Amino acid sequence: KTGRRLWNHDRIHFFKTVQPQTGSYGWHYDLSDNILFSLGGQKRFRVATRSPHSETQLDVNLTKHDLLYIPRKLFHNGCGLDGGSILVSIALRPHRPSDFTYLKFRRLRK
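Keep in mind it's a predicted model, so treat the numbers as computed, not measured.

A. Molecular detail of the overall build of the chain. Each helix and strand in the chain was counted, giving one helix and six strands. Relative to its 110 residues, the chain shows a buried fraction of 28%. Element-wise, carbon and sulfur atoms account for 56% of the exposed surface of the chain, whose accessible area totals about 7500 Å².

B. Fine view of the pairing of strand 3 (residues 33–47). Pairing of strand 3 with strand 6 (residues 76–92), which is carried by 13 bridges, proceeds in the antiparallel orientation. If you follow R46 over to strand 6, its bridge partner there is N77. Taken together, the four bridges between strand 3 and strand 5 (residues 67–70) define a ladder with antiparallel strand orientation. By the bridge assignment, I35 is partnered in strand 5 with Y69. Sheet topology places strand 3 next to strand 4 (residues 58–62); five bridges connect them, and they run antiparallel. Within strand 4, the position partnered with R46 by the bridge is D59.

C. Region of the structure containing the side chain of N77. Among the structural elements, N77 can be located in strand 6. Apart from residues no more than four positions distant in its own chain, N77 is found in contact with S24, G26, W27, R44, F45 and R46.

D. Molecular detail of the nonpolar core. Among the nonpolar cores identified, the biggest contains eight residues, and these are L36, F45, V47, L62, L68, I70, L74 and L87. The set of elements that each furnish at least two residues to this core consists of strand 3 and strand 5. A per-element tally of this core places strand 3 first, with three residues. Not counting residues within four places of it along the chain, the set of residues in contact with L68 comprises N34, I35, L36, F45, L58, V60 and L62.

E. Local environment of unusual backbone geometry. A positive phi angle is found at H65, which is not glycine, with a value near 75°. The phi torsion at K73 lies on the positive side, around 65°, for a residue other than glycine. Along the chain, K73 turns up in the loop between strand 5 and strand 6.

F. Looking closely at the packing of aromatic side chains. By the definition in use, this model includes one aromatic pair. Here the aromatic rings of Y29 and F75 are separated by 5.1 Å at their centres, their planes lie at 70°, and the arrangement is edge-to-face. Of this pair, Y29 sits in the loop between strand 2 (12–19) and strand 3 while F75 sits in the loop between strand 5 and strand 6, and the two are 46 residues apart along the sequence. Overall, Y29 belongs to the partly exposed group, its relative accessible area being 41%. Relative accessible area serves as the criterion here: at 12%, F75 is assigned to the buried category.

The rules behind each value
- Residues numbered from 1 in each chain as written.
- Predicted model: local features only at pLDDT ≥ 70, side-chain atom pairs only at ≥ 80, totals over all residues.
- Heavy atoms only, no water.
- Helix = DSSP H or I, 4+ residues; strand = E, 2+ residues; numbered from the N terminus.
- Buried < 20%, exposed > 50% of the residue type's maximum accessible area, 1.4 Å probe, protein only.
- Areas by Shrake-Rupley, 256 points an atom, 1.4 Å probe, with all protein chains shown as cover.
- Pairing = 2+ DSSP bridges.
- Contact = heavy atoms within 4.5 Å.
- Core = buried A, V, L, I, M, F, W, Y, C linked by side-chain atoms within 4.5 Å.
- Phe/Tyr/Trp six-rings, centres within 6.5 Å; stacked < 30°, edge-to-face > 60°.

These results come straight from atomic positions and should not be treated as a statement about function.
The structure is reproduced here in structure tokens:
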């Protein structure tokens, strides 16, 4: 499996992942909200809750042009199916408290 950062902004990251055959990062969670967009092939995603040993809440196969939203800190596992898959992942990082302080300060200045 290979991953490549396509574009990066302070709060939004675009990644492209190509898995030629079956492959997985294993069960994990991310500190960002993720929007997954399938460009081709098939990939199975299982999403659980915030506990590493909880039951699977969602079990879905993504195919071309499918979207999947996974909120941050939810355990999930993606596994490429026969023939591989191409996936774009958009990671939306949460705001820091200082971001809101800056916005509040800007409002007060106006």
